[in-house]
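Structure at a glance
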Amino acid sequence: MSDQPHRIKSLELRIKELEEENNSLSNRVEEMLLLSLINESFESITDETVLIHSVLEKISILKDIAYCACYDYSTGDCKCIVEYCSVLNTEACQGVFKFSDKLIEDFNHEPIVSFKIKERPDAIVLTNKTTPFYAREFLALTFSTRFLKKGVFVFISNNQSGIPFSNDLHPFNHIIQLVIDKWERLILMKELQQLNSELEDRVDKRTSQLQQSEEKYRQLFNMANDAIFIWELKNNEIAGCIEINDAVVNMTGYTLSDWSDINPFDLLDECYLPEEREEFERLLKKPSSIFKATFKVKHKLLPLEVHSRRFSISDKEFVIAIGRDITEQQAYENSIVEARNKAVESEKLKSAFLANMSHEIRTPMNAIVGFSELLCQDVMSENEVNMYANIIFKNSMHLLNLINDIVDYSKIEAEQVKIFNHPIYINELISDLSVNMISMLHNASKNHIDVLTHTPLKDADAKIITDGTRLRQVLSNLINNAIKFTDSGFIEIGYELKEKQLEFFVRDTGIGIAPEHQDKVFERFVQVGQRKTVNIGGTGLGLAICSHLVGRMNGKMCLESKPGEGSNFYFTIPYITLDSEVEGNENS
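So, how was this worked out
- Residues numbered from 1 in each chain as written.
- Predicted model: local features only at pLDDT ≥ 70, side-chain atom pairs only at ≥ 80, totals over all residues.
- Heavy atoms only, no water.
- Phe/Tyr/Trp six-rings, centres within 6.5 Å; stacked < 30°, edge-to-face > 60°.
- Buried < 20%, exposed > 50% of the residue type's maximum accessible area, 1.4 Å probe, protein only.
- 1 Å grid on protein atoms, 1.4 Å probe; cavity = no way out; pocket = protein on both sides within 12 Å on 5 of 7 lines; lining within 4 Å.
- Points joined across faces, edges and corners; volume = space filled by probe spheres on them.
- Helix = DSSP H or I, 4+ residues; strand = E, 2+ residues; numbered from the N terminus.
- Nonpolar A, V, L, I, M, F, W, Y, C, P; charged D, E, K, R; others polar.
- Patch = residues over 30% accessible without salt bridge, like charges linked within 9 Å, V, L, I, M, F, W, Y side chains within 5 Å.
- Areas by Shrake-Rupley, 256 points an atom, 1.4 Å probe, with all protein chains shown as cover.
- Salt bridge = Lys/Arg side-chain N within 4 Å of Asp/Glu carboxyl O.
- Lys, Arg positive; Asp, Glu negative; His and termini not counted.
- Charge placed at Lys NZ, Arg CZ, Asp CG, Glu CD.
- Pairing = 2+ DSSP bridges.
- Axes fitted to C-alpha atoms, helices over the stretch in contact; angles between N-to-C directions.
- Contact = heavy atoms within 4.5 Å.
- Arc of directions from axis to C-beta.
- Expected span 1.5 Å × (residues − 1).

Next up on the list: the packing of aromatic side chains. If you walk through the whole model with that rule in mind, you get 18 aromatic pairs. Measuring from centroid to centroid gives 6.2 Å for phenylalanine 99 and phenylalanine 107, while their planes differ by 85°, and the two rings are edge-to-face. The two residues phenylalanine 99 and phenylalanine 107 agree in class, both being buried. Consider the rings of phenylalanine 311 and phenylalanine 318, whose centres lie 5.6 Å apart with planes at 25°: the pair is stacked.

So this is what it looks like as structure tokens:
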């Protein structure tokens, strides 16, 4: 009997050990179950608030803790982040409890704060009075993370639970550490997603800018009027063209695929010597150069002024060549040279003209002065007086014609020649000119030359509206030239009616004009010398004056001639009668 109390005590101790082992095993099972549930939550939850609420809910259920929450006390006051209460029916994050300043101060110094509520009744205050909540135990585990410097997990049990908080807080710490790690990963993932989103936006914006820049470059590249080539160099030799603009295709007719297989110097004009071709190629490969060359492209020769520059990209060598079409420039330069040559030639002709005029004027003046002195002698027969007077008259008329030509051309140069239209009879005009021609041939001792006229219109139809004075002047000049250069045969003057145009002509069987001189006879100061033995004389202005006057009368002068067979000078003027003029005025 003496051993019975001892055996009972041993059994009680064993029972207590078994209960502790059972409780420990139960706690470990709960811990493993809680960890398992939390790990399952980690797989699907992507929001940190949902994550914490889920963990707090599971802790509340498995550990039978009525209130579980997470607070931020960085600002000196506790701000609820997430809370779960199994007793109170409240919305999340409303803050069911308010903590005293002393308790918050404990959070700043102690990683774990645990006490029974009856020991510190003023530490927490229930803010929601609608449903009674009897706090029994308080547990706080503080933490710090990169995104939350001062945080605390709070657990409060109520009077319905008789199970106190375990002294072994390792499961809480372990769970909280897992939550914090997951929390940080979620925050980092969000930051990473934000960074990725910003980076994508920046990439999209940069890509758009590059596309816009590329489009602007392409538009400017293709809008350039000059041809632009980009050639690649390999071993200092032209390997191929990698880029051209639209102007290249328009100028040359070759596309980029064509140019990729073309060496530009194979297209040089055949007029260049081998050493010139080598010089062009050397210039293109220099750091920068300017040269002019003519290339054979599709269906034409293309003169270009080429500006080239060499550059490098990623250890590759390139040459950009800008070719400007200088066809118009060359034509302009040639026209300037031609104009200069004409000006030089005109200056020479003018000098020759002045020299000739001094001689032409001096000759009749000497005759006039000399024979005038002879007329002053007392002893002179009547025949001598008549002969000297006739000589003075002829030379005076010759001098007058010279002066008239000079005055007329001066008026033409000053654009002071005016056309006065009035009715004239062209048959009567041709008749008068033929009579004058006979007289002029007689004075020139050329009576053997026949004078012919051609007047196909009746007198009623031969009355036209034009400047009769200028028409007579033109025909008279042509007749004078015909008489000068005709020694035998005939001289014919007349007109033809051709499609509302009157074509006047003066034909002769004189010496004629060579084809190479026919374009020049209507130029000023020009005299085509065909006879070496006789000095014909004259100003060289007669045909130039005639051509200009015909142009002012809305006509055009032409020439047909063969050396040794004679010449045909003809021109047209509008055929305007009195009836047609009245009809035209009525229609207008």
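From this point, the narrative continues.
A few words on empty space enclosed by the protein. Going through the model one piece at a time under the given rule, you end up with 1 cavity of 30 Å³ or more. Forming the walls of the largest cavity are 16 residues, and the residues nearest its centre are Phe229, Pro264, Phe295, Leu304 and Val306. Those elements that place two or more of their residues in the lining of the largest cavity are strand 8 (227-234), strand 10 (288-297), strand 11 (300-313) and strand 12 (316-325). Residue classes in the lining of the largest cavity are distributed as 14 nonpolar, 2 polar and no charged.

Together, Glu198, Glu200, Asp201 and Asp204 make up a region of like negative charge exposed at the surface. Looking at the element boundaries, aspartate 201 is found in helix 4 (residues 170-223).

Glancing now at the sheet that holds strand 7 (residues 151-158). Two modes of strand pairing occur in sheets, parallel and antiparallel, and in both the strands are linked by backbone hydrogen bonds. With antiparallel pairing, the 5 strands of this open sheet are ordered in space as 2-1-7-6-4. Each end of this open sheet is capped by a strand with a single partner; those strands are strand 2 (79-85) and strand 4 (112-116). Strand-to-strand, the axes of this sheet are offset by a mean angle of 15°, without reference to chain direction. Pairing geometry for strand 1 (residues 67-72) and strand 2, over 6 bridges, is antiparallel. For tyrosine 67, the partnering residue across the bridge sits in strand 2 and is cysteine 85. Helix-sheet contacts for helix 2 (residues 48-63) involve strand 1, strand 2 and strand 7, and the interaxial angle to strand 2 is about 40°.

Checked against the element boundaries, valine 248 lands in helix 5 (residues 246-252). A residue is classified by how much of its surface remains accessible, and valine 248, at 0% relative accessible area, is buried. Sequence-wise, valine 248 and asparagine 222 are 26 residues apart; in three dimensions their C-alpha atoms are separated by 9.3 Å. Sequence-distant contacts of valine 248, defined by excluding residues within four places in its chain, comprise Ala227, Ile228, Phe229, Gly253, Tyr254 and Trp259.

This next bit is on the sheet that holds strand 14 (residues 450-454). One open sheet holds the 5 strands; their spatial order is 14-16-17-19-18, and the pairing between them is mixed. Only two strands of the sheet have a single partner each, and these edge strands are strand 14 and strand 18 (556-562). The mean inter-strand angle of the sheet, taken between neighbouring strand axes irrespective of direction, is 15°. Two strands pair when backbone bridges link them, and strand 17 (residues 501-508) and strand 19 (residues 566-574) are joined in this way by 8 bridges, in the antiparallel orientation.

All buried positions along helix 7 (residues 274-284) are accounted for by Phe280, Leu283 and Leu284. Projected down its long axis, helix 7 shows its buried positions confined to an angular sector of 100°, all on one face. Along helix 7, the residues that are exposed and aim more than 90 degrees away from the buried face are Pro274 and Glu278. Looking at the buried side of helix 7, the elements it contacts are strand 9 (237-244), strand 10, strand 11 and strand 12.

Moving on to helix 10 (residues 426-443). Here helix 10 is 18 residues long and its end C-alpha atoms lie 26 Å apart, about the 26 Å a rise of 1.5 Å per residue gives. What helix 10 keeps buried is the set Ile426, Asn427, Leu429, Ile430, Leu433, Ser434, Met437 and Leu441. Angular distribution of buried residues about the axis of helix 10 spans 150°; they occupy a single face of the element. Close packing links the buried residues of helix 10 with strand 13 (422-425), strand 14, strand 15 (463-466), helix 11 (468-485), strand 16 (490-498) and strand 17.

Right, let's talk about unusual backbone geometry for a bit. One non-glycine residue with positive phi stands out, namely aspartate 315, at about 65°. Phi is positive for asparagine 554, which is not a glycine, with a value near 65°. Assignment of secondary structure puts asparagine 554 in the loop between helix 12 (542-552) and strand 18. You can call asparagine 554 exposed: its relative accessible area is 63%.

Let us look at the pairing of strand 12. The side chains of a regular strand alternate between both faces of the sheet. By the bridge criterion, 7 bridges tie strand 8 to strand 12 in an arrangement that is antiparallel. Its bridge partner being in strand 12, isoleucine 230 is matched across the sheet by isoleucine 320. Remark: 2 residues form the turn of the hairpin made by strand 11 and strand 12, two consecutive strands paired antiparallel; serine 314 in that turn has positive phi of roughly 50°.

These values are about where atoms sit, not about what they do.
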